[in-house]
Amino acid sequence: MKSLSIISAALVAYVSAAATTVFPSAAGATAVSAPVAVSGTCEGGMKRLSGNNGCNAGEGSSADAAFTAASGGTLQNVIIGSAQTEGVHCTGPCTIRNVWWGDVCEDALTVKQTSGTSYVIGGGAKGASDKVIQRNGGGTVSVTDFGQDFGKLYRSCGINTNYGDTATISNTCTSSVTDICQRYTGSNSGDEPVKTGAGNDGTYCK
């Protein structure tokens with residue numbers, strides 16, 4: 001079960017006037033052959049990173065990521081290039097500040113915390129035909145001032161109302177969006193959850 005409640009596990013998404021649709025220019029480029037481990041604060045200097053393993057179809061693992069952030073880690077001011085199956089993996093609560101994804105392959109950010117709060121502050125992603133933020137665990141995910149284009153901004157196993165999951169979305173501008181916040185009946189069996197509705201219901205999707 002991947003619970004998603006406003007207290008112990010939540011998506012809180014705010015996009016304000018600080019979000020931008022202008023993708024930044026890189027201050028340089030660097031190539032890596034393995035994921036960069038982040039503990040403490042990792043300052044990227046607005047360089048573009050690429051070269052771990054290319055973009056491969058299907059779900060990737062932490063070994064396919066550009067960065068792997070430990071609990072309490074902060075990654076900031078970096079552009080992740082297109083040659084990555086996975087962008088950033090957080091093994092615990094992390095902070096992702098002013099990070100940009102130039103062409104999302106599978107997932108831009110995967111959050112694997114069991115509790116606590118992860119923060120995505122600023123930055124953006126483009127070229128994501130599916131999801132940008134994938135949450136595989138508990139806790140809270142707060143997204144502020146994040147922009148660009150994507151199929152889904154955030155996905156766990158859905159807003160599972162039978163588990164008390166909730167999502168709060170405010171001050172957000174969207175275009176060509178049909179279902180903001182989808183509600184499901186979750187399952188512990190591993191089967192796909194059953195979709196029960198979408199949009200603001202004032203309780204689970206706010």
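Residues numbered from 1 in each chain as written. Predicted model: local features only at pLDDT ≥ 70, side-chain atom pairs only at ≥ 80, totals over all residues. Heavy atoms only, no water.

A few points about the environment of Ala198
Mapping Ala198 onto the fold places it in strand β17 (residues 194-198). Of the residues examined, Ala198 reaches a relative accessible area of 31% and is grouped as partly exposed. In this structure the C-alpha to C-alpha distance between Ala198 and Cys181, which are 17 residues apart in sequence, comes to 5.6 Å. Beyond its immediate stretch of four places on either side in the chain, Ala198 contacts Asp179, Ile180, Cys181, Gln182 and Arg183. (Helix = DSSP H or I, 4+ residues; strand = E, 2+ residues; numbered from the N terminus. Buried < 20%, exposed > 50% of the residue type's maximum accessible area, 1.4 Å probe, protein only. Contact = heavy atoms within 4.5 Å.)

A short note on the packing of aromatic side chains
Enumeration according to the criterion identifies two aromatic pairs in this entry. Ring geometry for Phe23 versus Trp100: centroids 5.4 Å apart, planes at 75 degrees, classification edge-to-face. Here the residue Phe23 occupies a position in the loop between β1 (9-14) and β2 (29-31), and Trp100 occupies one in strand β8 (residues 95-101), the gap between them amounting to 77 residues. Trp100 shares its class with Phe23; the two are buried. On the basis of an interplanar angle of 55 degrees and a centroid distance of 6.3 Å, the ring pair of Trp101 and Phe146 is categorised as tilted. With Trp101 in strand β8 and Phe146 in the loop between β12 (139-144) and β13 (147-155), this residue pair connects regions lying 45 residues apart in the sequence. With relative accessibility at 3%, the residue Phe146 sits in the buried group. Taking the ring centre of Phe23 as reference, the NZ or CZ of Lys126 above it sits at 4.3 Å. (Phe/Tyr/Trp six-rings, centres within 6.5 Å; stacked < 30°, edge-to-face > 60°. Lys NZ or Arg CZ within 6 Å of the ring centre and 35° of its normal.)

Observations regarding the pattern of salt bridges
Tallying each qualifying case throughout the model produces three salt bridges. In this structure, the salt-bridge partner of Asp107 is Lys131, at a minimum N-O distance of 3.3 Å. With Asp107 in strand β9 (residues 107-111) and Lys131 in strand β11 (residues 124-135), this pair connects stretches of sequence that are 24 residues apart. What makes Asp107 buried here is its relative accessible area of 3%. Residue classification places Lys131 among the buried residues on the basis of a relative accessible area of 4%. The residue Lys195 makes a salt bridge to Asp179 at a minimum N-O spacing of 2.7 Å. One end of the pair, Lys195, is in strand β17; the other, Asp179, is in the loop between β15 (166-170) and β16 (182-185), with 16 residues separating them in the sequence. Judged by its relative accessible area of 40%, Lys195 falls in the partly exposed class. (Salt bridge = Lys/Arg side-chain N within 4 Å of Asp/Glu carboxyl O.)

This is a description of form; function is not addressed.
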